[in-house]
Each structure stands twice: as structure tokens, then as C-alpha cells.
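Here's the letter readout for the chains.
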Amino acid sequence: MPATTFDIFRYQPDVSDQQYRQSFDLEHEEDLTVLDAILRLQNEQDGTLAVRYSCRSAICGSCACKTNGKTVLACMTQVEDVKKEFEAETISVDPIGNFRPLKDLIVDMDPFWDKFKSVKPYLIPDGPAPERERIVSKEAMEKVFRESACILCAACYSECNSLAADSEFVGPAALARGFRFAADERDGQRKQRAKLYTGQHGVWDCTRCMYCNERCPKGVNPRDAIEKLGGIAFQEGRGLKDPGARHAAAFLLSMRTGGKLNETALVPISQPLKAPFDLPFALKMLKHGKAPSPIPHRIKKLKEVQRLMMNVKETI
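Since this is a predicted model, take the numbers as computed values, not measurements. (Residues numbered from 1 in each chain as written. Predicted model: local features only at pLDDT ≥ 70, side-chain atom pairs only at ≥ 80, totals over all residues. Heavy atoms only, no water.)

Peer 1: Please clarify how the overall build of the protein chain should be interpreted in this entry.
Peer 2: Within the protein chain, the regular secondary structure consists of 15 helices and seven strands. Overall size of the protein chain, expressed as C-alpha extent along the three principal axes, is 70 × 70 × 40 Å. Counting the 316 residues in the protein chain, one finds 43% classified as buried. Sequence separation of 24 or more characterises 64% of the internal contacts of the protein chain that already satisfy a separation of 6 or more. Accessible surface, the protein chain: about 18,100 Å² in total, of which carbon and sulfur atoms supply 53%. Across the protein chain, the 46 positively charged side chains and the 43 negatively charged ones have centroids separated by 11 Å. (Helix = DSSP H or I, 4+ residues; strand = E, 2+ residues; numbered from the N terminus. Buried < 20%, exposed > 50% of the residue type's maximum accessible area, 1.4 Å probe, protein only. Contact = heavy atoms within 4.5 Å. Areas by Shrake-Rupley, 256 points an atom, 1.4 Å probe, with all protein chains shown as cover. Lys, Arg positive; Asp, Glu negative; His and termini not counted. Charge placed at Lys NZ, Arg CZ, Asp CG, Glu CD.)

Written out as C-alpha cells, the structure is:
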């Protein structure tokens, strides 16, 4: 029977303001999950150990935590798999990141729910309600099926670099759910949603680190949804109204005209009013060889890049 040491984050505010770590040794069967291990430690060694859980079936999303620095659902993560992945006999268990701990592995989820509510995660159809229901085709629902699978576990928020840098960032799960309704053909608020989601702390603040896709236990791929929301923003005329959208447009212009990024065009296109104030700084960088050449450049296989961009556009 294998044995594992669990190094667990502890925080008991009713006892002390100090956060600390506590080690537990546990002999267990081969197929023990991290959640079951925590519950056994709670029942057999320390009844004050606090953890949030409910369904134990990877449906409710309540038991998200970090094991050896990686955000997982504790109920669907095998202890032995974690040990093999990290080649270690000790498993560290921590609360999910980017949230304030309330007690041990339990965090304050209020900011998450506030951001989720802010994207209006419900249908807002136009016109009077039908007598029975609004019929939608299978093909139309397949476009939003992936985003509908989100269980709101906040694993994506735990790994989000944008949220770590800006606590006001709306976040991956909320924006993925925003796309689920913005792309629903029954919804009548597509233009309004495009404006809402591309505002301050919205889709353009995503750093594209891709951790939300990597850590999502349900394959929702929130980063992909954020990218699709950017596409909706352009379709609804937000392309010239948001600095983030103009920044994306500058990337596209660079690729279309030169085949690779032209950094000198980013600021004038993204933030035209700011560009004159950045000119002295840009000249100083040029003087010290720290800036790319302002002369537009083209790669030899430009036509191939342009053809690829056209093919991608036609398949979206």
C-alpha cells in the first residue's frame, strides 16, 4: 500500500492571522483521489482542516485547488498520478490562486460571482415571447456547446496572469459565458454585448498565456472564447473604438502588408493620441539600438502569409 506526505496550506483566522503549512502522512489505496485524501486527513488526523466540496463527481466545481502548483479538481485527480507527474512522494495542496483565502483551502469566491454576473449570463431575446419556445438548430447550438460546458470551478481564474496583474479583469470563465450568449442566435443583444465585453478590463486585457485552456477540467477553452469575442467586436463595429481592438488591427495590418510584426506601427495605430508623447522615448531607443527599424519590412514569402490569412478568415 503506497504512502504519501501531504504538505497543506493552513489558515485559521478564528485562531490566528498567521498562514502556515502542515504536513500529514497517509497510507492509502492506489486509486485514492486528492479530495478523498483530504477528507480522510480531516476525519482521521485533524478535524479542523477545511475544504469546500459537494458532488465529488467533477460536476459542481467546488473542490478546485492547487496540487504542486497546478490547479486541478481534487475529486478527479489521482494522488498517484500527481506523484508520477512531479516525480515526488510529497504533494503540496494549496487554495486556488488569485483569490483571498478564508480558511485553509476555502477562498472568497464573491469577486468571481460578481464578474460572472457582470457579463449578463442569460439570454436577452428581442421581441415578444413565443407561445411555446424559441427553436434553435443543432448546428447553431454546436457553436456555443463548448462554452456551455463550464462548471464555474474558477480553475482558469486561479492560473490567469491577467487577473494576477489586474484584479478588475473580468476573467476567462465570465467571458467564455459571455460568448456563449453573444453567439446564441436567439439573443438580441449582440452589439450591446460586444461593447460590454470589450470595455475596460475586458477581452483586450487577456495576455494570451493559454493557462486557462490548459487547466480547464472540462475543455471549455476560455481563451478561444475570448478570441471569438474579439471577432464579434470587429463584426459589430468596435474595431476603431477600443485601444485593444486597434492594437489587434495593427497586428493584422503588419502581417498583411509585411508578413511579420511591425512594432513601430503599434502605438500610432493603437493609441494615436499618445503617439506624439512617446516619440522622444522612441528616438532614445533608436539611438541606443533598442528599437526595431522604422522602415517597413517585408518577408520573402509574403504572398503565402496573405493566402493563409485569407484561408483562416474564410473558415471562421
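Peer 1: Just checking my understanding: could you explain the packing of aromatic side chains for this structure?
Peer 2: Within a pair of aromatic rings, the relevant descriptors are the distance that separates the centres and the angle that separates the planes. By the definition in use, this model includes five aromatic pairs. For the ring pair Phe112 and Trp113, a centre distance of 5.0 Å and an interplane angle of 80 degrees mean the geometry is edge-to-face. Taking the relative accessible area as the measure of exposure, Phe112 reaches 1% and is therefore buried. Where Trp204 meets Phe234, the ring centres are 6.0 Å apart and the plane angle is 80 degrees; that geometry is what we call edge-to-face. Of this pair, Trp204 sits in the loop between helix H9 (190-197) and helix H10 (211-215) while Phe234 sits in helix H11 (residues 222-235), and the two are 30 residues apart along the sequence. With relative accessibility at 18%, the residue Trp204 sits in the buried group. Just above the ring of Phe181 sits the side chain of Arg180; from NZ or CZ to the centre is 4.4 Å. (Phe/Tyr/Trp six-rings, centres within 6.5 Å; stacked < 30°, edge-to-face > 60°. Lys NZ or Arg CZ within 6 Å of the ring centre and 35° of its normal.)

Peer 1: Sorry, what's going on with empty space enclosed by the protein here?
Peer 2: The gaps of empty space that remain are located by a probe, the size of a water molecule, rolled over the atoms. All chains considered together, the criterion is met by two cavities of 30 Å³ or more. Looking at the largest cavity, it is lined by 14 residues, and the ones nearest its centre are Cys150, Cys153, Cys156, Cys216 and Val220. Contributions of two or more residues to the lining of the largest cavity are made by helix H6 (155-159) and helix H8 (172-182). Partitioned by chemical class, the residues of the lining of the largest cavity number 13 nonpolar, no polar and one charged. (1 Å grid on protein atoms, 1.4 Å probe; cavity = no way out; pocket = protein on both sides within 12 Å on 5 of 7 lines; lining within 4 Å. Points joined across faces, edges and corners; volume = space filled by probe spheres on them. Nonpolar A, V, L, I, M, F, W, Y, C, P; charged D, E, K, R; others polar.)

Peer 1: Explain the pairing of strand S4 (residues 70-73) here, please?
Peer 2: Each regular strand carries side chains that alternate between the two faces of the sheet. Here strand S3 (residues 64-67) runs beside S4; their pairing, made up of four bridges, is antiparallel. Paired with Ala64 across the strands is Leu73, a residue of S4. Counted along the chain from S3 to the antiparallel partner S4, the turn is two residues long, and its residue Asn68 has a positive phi close to 50 degrees. (Pairing = 2+ DSSP bridges.)

Peer 1: Explain the pattern of salt bridges here, please?
Peer 2: Opposite charge on two side chains permits pairing when their charged atoms draw close. A full pass over the atoms with the stated rule returns 19 salt bridges. Linking Glu89 and Lys83 is a salt bridge whose minimum nitrogen-to-oxygen distance equals 3.4 Å. Asp187 is the partner of Arg193 in a salt bridge, and the nearest nitrogen-oxygen pair spans 3.0 Å. Neither Arg193 nor Asp187 differs from the other in exposure class; each is buried. Sharing partners across several salt bridges, the network here consists of Asp7, Arg21 and Asp94. (Salt bridge = Lys/Arg side-chain N within 4 Å of Asp/Glu carboxyl O.)

Peer 1: Would you mind going over unusual backbone geometry with me for this structure?
Peer 2: Apart from glycine, the bulk of residues carry a negative phi angle, and the bulk of peptide bonds sit in the trans form. Even without being glycine, Leu152 reaches a positive phi, approximately 60 degrees. Mapped onto the elements of the fold, Leu152 is located in the loop between helix H5 (145-148) and H6. By relative accessible area, which is 17% here, Leu152 ends up buried. Positive phi, close to 60 degrees, is recorded for Arg208, a residue that is not glycine. Among the structural elements, Arg208 can be located in the loop between H9 and H10.

Peer 1: I keep staring at the sheet that holds strand S5 (residues 90-94) and nothing clicks. Help me out?
Peer 2: What holds strands together in a sheet is hydrogen bonding between their backbones, with the strands either parallel or antiparallel. In space, the five strands of this open sheet follow the order S2-S1-S5-S3-S4, with mixed pairing throughout. In the strand order of this sheet, the two ends are held by strand S2 (19-27) and S4, each with one partner. Along the sheet, successive strands turn relative to each other by an average axial angle of 30 degrees, direction set aside. Examined bridge by bridge, strand S1 (residues 3-11) and S5 share four bridges and lie parallel to one another. Across the sheet, residue Phe6 finds its bridge partner in S5, namely Ile91. The sheet strands contacting helix H1 (residues 34-44) are S1, S2, S3 and S5, and the helix crosses S2 at an angle near 95 degrees. The sheet contacts of helix H2 (residues 79-86) involve S1, S3, S4 and S5, and relative to S1 the element is tilted by about 95 degrees. (Axes fitted to C-alpha atoms, helices over the stretch in contact; angles between N-to-C directions.)

Peer 1: Which parts of the structure should I look at to understand the side chain of Asp184?
Peer 2: With respect to the element layout, Asp184 can be found in the loop between H8 and H9. For Asp184, the side chain forms a polar contact with the side chain of Arg186, separated by 2.8 Å. Contact partners of Asp184, with chain neighbours within four places excluded, come to Leu123, Met141 and Val144. (Polar contact = N/O pair within 3.5 Å; in protein donor to acceptor, adjacent residues only side chain to side chain.)

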